[in-house]
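In case you want the letters, here they are:
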Amino acid sequence: MEDVELRSFWDDAKIRAGLNPADGYFGRTAADTVLPAAWSFGDTPEEADRLLDLMLQGRRTATSSAAWEYDDELPEAGVLSIVLDGDEHPRALIASTEVSVTRFGDVDEAHARREGEESLESWRRTYRALLARRAPEGVTVDDDTQVVLERFTVLVPVSAAHAAKRAGLD
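This text gives an overview of the structure that appears in the document.

So, on to the sheet that holds strand S2 (residues 62–66). The strand order across the open sheet built from five strands is S1-S3-S4-S5-S2, with neighbouring strands paired in mixed fashion. The sheet terminates laterally at strand S1 (37–39) and S2, the two strands that pair on one side only. The sheet shows a mean angle of 40° between the axes of neighbouring strands, direction not considered. Judged from the 10 bridges that link them, strand S4 (residues 90–103) and strand S5 (residues 146–156) form a sheet pairing that is antiparallel. Residue Arg103 lies in a different strand from S5, and its bridge partner there is Gln146. Strands in contact with helix H1 (residues 4–16) are S1, strand S3 (80–84), S4 and S5; relative to S4, the strand with the most contacts, it is inclined by about 80°. Relative to S4, helix H4 (residues 45–56) is tilted by about 95°, and along the sheet it contacts S3, S4 and S5.

Put into C-alpha coordinates, the structure is as follows:
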(Lines give C-alpha, C1' and ligand atoms only; values in the text may rest on other atoms or scores of the structure.)
Protein backbone atom coordinates (compact mmCIF):
# COMPACT_ATOMS: atom_id res chain seq x y z
CA MET A 1 0.00 0.00 0.00
CA GLU A 2 1.25 3.47 -0.89
CA ASP A 3 2.27 5.78 1.92
CA VAL A 4 -0.36 8.53 2.32
CA GLU A 5 2.17 11.02 3.69
CA LEU A 6 4.45 10.51 0.70
CA ARG A 7 1.59 10.89 -1.81
CA SER A 8 0.36 14.03 -0.03
CA PHE A 9 3.87 15.53 -0.09
CA TRP A 10 4.24 14.73 -3.80
CA ASP A 11 0.87 16.25 -4.68
CA ASP A 12 1.80 19.48 -2.86
CA ALA A 13 5.42 19.55 -4.09
CA LYS A 14 4.37 19.28 -7.75
CA ILE A 15 2.33 22.45 -7.36
CA ARG A 16 4.96 24.35 -5.35
CA ALA A 17 7.67 23.40 -7.88
CA GLY A 18 5.46 24.35 -10.82
CA LEU A 19 5.61 20.86 -12.27
CA ASN A 20 1.92 20.57 -13.17
CA PRO A 21 0.63 24.04 -14.07
CA ALA A 22 -2.03 22.71 -16.45
CA ASP A 23 -3.19 19.80 -14.30
CA GLY A 24 -6.58 21.31 -13.56
CA TYR A 25 -7.28 22.02 -17.21
CA PHE A 26 -5.91 18.92 -18.96
CA GLY A 27 -6.32 16.37 -16.18
CA ARG A 28 -3.75 14.06 -14.65
CA THR A 29 -0.87 12.64 -16.68
CA ALA A 30 1.22 9.52 -16.10
CA ALA A 31 3.97 11.71 -14.61
CA ASP A 32 1.48 12.98 -12.01
CA THR A 33 0.66 9.50 -10.78
CA VAL A 34 4.18 8.03 -10.51
CA LEU A 35 5.97 9.01 -7.32
CA PRO A 36 9.67 9.89 -7.57
CA ALA A 37 12.07 7.68 -5.65
CA ALA A 38 12.15 8.55 -1.94
CA TRP A 39 15.37 8.16 0.04
CA SER A 40 17.48 9.75 2.75
CA PHE A 41 21.11 10.81 2.91
CA GLY A 42 23.60 8.80 4.96
CA ASP A 43 23.06 5.44 6.59
CA THR A 44 21.65 6.32 10.01
CA PRO A 45 18.65 8.43 11.06
CA GLU A 46 20.99 10.93 12.72
CA GLU A 47 23.12 11.26 9.59
CA ALA A 48 19.99 11.62 7.44
CA ASP A 49 18.80 14.51 9.62
CA ARG A 50 22.22 16.21 9.71
CA LEU A 51 22.70 16.06 5.93
CA LEU A 52 19.09 17.08 5.24
CA ASP A 53 19.57 20.09 7.51
CA LEU A 54 22.69 21.11 5.53
CA MET A 55 20.63 20.86 2.34
CA LEU A 56 17.75 22.90 3.76
CA GLN A 57 20.25 25.57 4.84
CA GLY A 58 21.54 25.71 1.26
CA ARG A 59 24.94 24.28 2.25
CA ARG A 60 24.50 20.93 0.45
CA THR A 61 23.80 20.70 -3.29
CA ALA A 62 25.52 17.41 -4.08
CA THR A 63 25.81 13.83 -2.92
CA SER A 64 27.94 10.78 -3.64
CA SER A 65 27.53 7.03 -3.69
CA ALA A 66 29.51 4.01 -4.74
CA ALA A 67 29.03 2.89 -8.34
CA TRP A 68 28.42 -0.67 -7.09
CA GLU A 69 25.15 0.53 -5.49
CA TYR A 70 23.60 0.78 -8.97
CA ASP A 71 22.77 -2.20 -11.11
CA ASP A 72 23.00 -0.99 -14.69
CA GLU A 73 21.21 2.35 -14.45
CA LEU A 74 22.97 5.36 -13.04
CA PRO A 75 20.96 8.41 -12.02
CA GLU A 76 20.42 10.96 -14.78
CA ALA A 77 20.14 14.73 -14.87
CA GLY A 78 16.52 15.80 -14.54
CA VAL A 79 15.42 12.90 -12.34
CA LEU A 80 13.31 13.95 -9.37
CA SER A 81 13.71 12.52 -5.85
CA ILE A 82 11.94 13.01 -2.56
CA VAL A 83 14.40 13.38 0.31
CA LEU A 84 13.32 11.89 3.62
CA ASP A 85 14.40 12.83 7.13
CA GLY A 86 15.74 10.35 9.67
CA ASP A 87 12.20 9.33 10.64
CA GLU A 88 11.37 8.68 6.96
CA HIS A 89 9.08 11.71 6.56
CA PRO A 90 9.27 13.52 3.19
CA ARG A 91 10.97 16.89 3.55
CA ALA A 92 12.24 18.03 0.14
CA LEU A 93 11.93 17.54 -3.59
CA ILE A 94 15.16 17.71 -5.57
CA ALA A 95 16.12 17.39 -9.24
CA SER A 96 19.48 15.98 -10.31
CA THR A 97 21.32 18.48 -12.49
CA GLU A 98 24.61 16.69 -13.17
CA VAL A 99 25.84 13.13 -12.72
CA SER A 100 29.38 11.86 -13.22
CA VAL A 101 31.44 8.82 -12.28
CA THR A 102 35.01 9.21 -11.09
CA ARG A 103 37.67 7.56 -8.96
CA PHE A 104 37.37 8.19 -5.22
CA GLY A 105 40.89 9.68 -5.30
CA ASP A 106 39.90 12.17 -8.02
CA VAL A 107 37.02 13.83 -6.15
CA ASP A 108 37.93 17.48 -5.74
CA GLU A 109 37.55 20.13 -3.05
CA ALA A 110 34.68 21.84 -4.90
CA HIS A 111 32.57 18.69 -4.79
CA ALA A 112 33.34 18.16 -1.10
CA ARG A 113 32.17 21.72 -0.37
CA ARG A 114 28.97 21.18 -2.38
CA GLU A 115 28.27 18.21 -0.11
CA GLY A 116 28.53 20.52 2.89
CA GLU A 117 31.90 19.27 4.10
CA GLU A 118 34.45 21.66 5.55
CA SER A 119 37.32 20.20 3.52
CA LEU A 120 38.23 17.52 1.00
CA GLU A 121 40.03 15.62 3.77
CA SER A 122 36.84 15.60 5.85
CA TRP A 123 34.82 14.37 2.84
CA ARG A 124 37.33 11.59 2.15
CA ARG A 125 37.38 10.45 5.77
CA THR A 126 33.56 10.46 6.02
CA TYR A 127 32.93 8.77 2.67
CA ARG A 128 35.68 6.19 3.01
CA ALA A 129 34.05 5.04 6.27
CA LEU A 130 30.54 5.12 4.78
CA LEU A 131 31.54 3.18 1.67
CA ALA A 132 33.47 0.65 3.73
CA ARG A 133 30.32 -0.03 5.80
CA ARG A 134 28.27 -0.51 2.63
CA ALA A 135 30.84 -2.40 0.57
CA PRO A 136 29.99 -5.86 -0.68
CA GLU A 137 31.95 -8.65 0.96
CA GLY A 138 35.52 -8.74 -0.28
CA VAL A 139 35.46 -5.21 -1.76
CA THR A 140 38.08 -2.78 -0.49
CA VAL A 141 37.50 0.96 -0.64
CA ASP A 142 40.53 2.76 -2.01
CA ASP A 143 41.42 5.66 -4.33
CA ASP A 144 40.39 3.58 -7.37
CA THR A 145 36.86 2.91 -6.08
CA GLN A 146 34.37 4.31 -8.59
CA VAL A 147 31.97 6.86 -7.09
CA VAL A 148 28.89 8.50 -8.57
CA LEU A 149 28.81 12.25 -7.98
CA GLU A 150 25.43 13.94 -8.23
CA ARG A 151 24.65 17.62 -8.18
CA PHE A 152 21.07 18.66 -7.55
CA THR A 153 18.83 21.63 -7.10
CA VAL A 154 16.20 21.82 -4.39
CA LEU A 155 12.76 22.47 -5.85
CA VAL A 156 10.80 22.27 -2.58
CA PRO A 157 11.14 23.94 -0.16
CA VAL A 158 11.98 26.99 -2.23
CA SER A 159 13.76 28.58 0.75
CA ALA A 160 16.51 25.92 0.47
CA ALA A 161 16.99 26.68 -3.22
CA HIS A 162 17.34 30.41 -2.45
CA ALA A 163 19.82 29.66 0.36
CA ALA A 164 21.97 27.59 -2.03
CA LYS A 165 21.99 30.46 -4.54
CA ARG A 166 23.11 32.89 -1.82
CA ALA A 167 25.87 30.49 -0.81
CA GLY A 168 27.01 30.15 -4.43
CA LEU A 169 26.54 26.37 -4.40
CA ASP A 170 23.79 26.07 -6.99
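Time to look at the pairing of S4. In the sheet, S3 pairs with S4 via five bridges, with the strands oriented antiparallel. Bridge assignment links Val83 to a residue of S4, and that residue is Ala92. Here S3 folds back onto S4 in antiparallel fashion, the turn holding five residues, of which Glu88 has a positive phi close to 65°.

Right, let's get into a negative patch on the surface. Residues Glu46, Asp49, Asp53, Asp87 and Glu88 make up a contiguous surface patch of negative charge. Relative to the elements of secondary structure, Glu46 occurs in helix H4.

Take Arg134: it is sitting in helix H6 (residues 120–134). We classify Arg134 as partly exposed; its relative accessible area is 31%. Arg134 has contacts with Gly42, Asp43, Trp68 and Glu69, leaving out every residue within four places of it along the chain. Reaching out from Arg134, the side chain makes a polar contact with the side chain of Glu69 at a distance of 3.4 Å.

Here the focus is the pairing of S2. A large share of S2 lies buried, amounting to five of its five residues. Of the two faces of S2, the one carrying Ala62, Ser64 and Ala66 and the one carrying Thr63 and Ser65 are both buried. When S2 meets S5, the two strands line up antiparallel, connected through five bridges. Following the sheet pairing, Ala66 is matched in S5 by Val147.

The rules we used
Residues numbered from 1 in each chain as written. Predicted model: local features only at pLDDT ≥ 70, side-chain atom pairs only at ≥ 80, totals over all residues. Heavy atoms only, no water. Pairing = 2+ DSSP bridges. Helix = DSSP H or I, 4+ residues; strand = E, 2+ residues; numbered from the N terminus. Axes fitted to C-alpha atoms, helices over the stretch in contact; angles between N-to-C directions. Contact = heavy atoms within 4.5 Å. Patch = residues over 30% accessible without salt bridge, like charges linked within 9 Å, V, L, I, M, F, W, Y side chains within 5 Å. Areas by Shrake-Rupley, 256 points an atom, 1.4 Å probe, with all protein chains shown as cover. Salt bridge = Lys/Arg side-chain N within 4 Å of Asp/Glu carboxyl O. Lys, Arg positive; Asp, Glu negative; His and termini not counted. Charge placed at Lys NZ, Arg CZ, Asp CG, Glu CD. Buried < 20%, exposed > 50% of the residue type's maximum accessible area, 1.4 Å probe, protein only. Polar contact = N/O pair within 3.5 Å; in protein donor to acceptor, adjacent residues only side chain to side chain.

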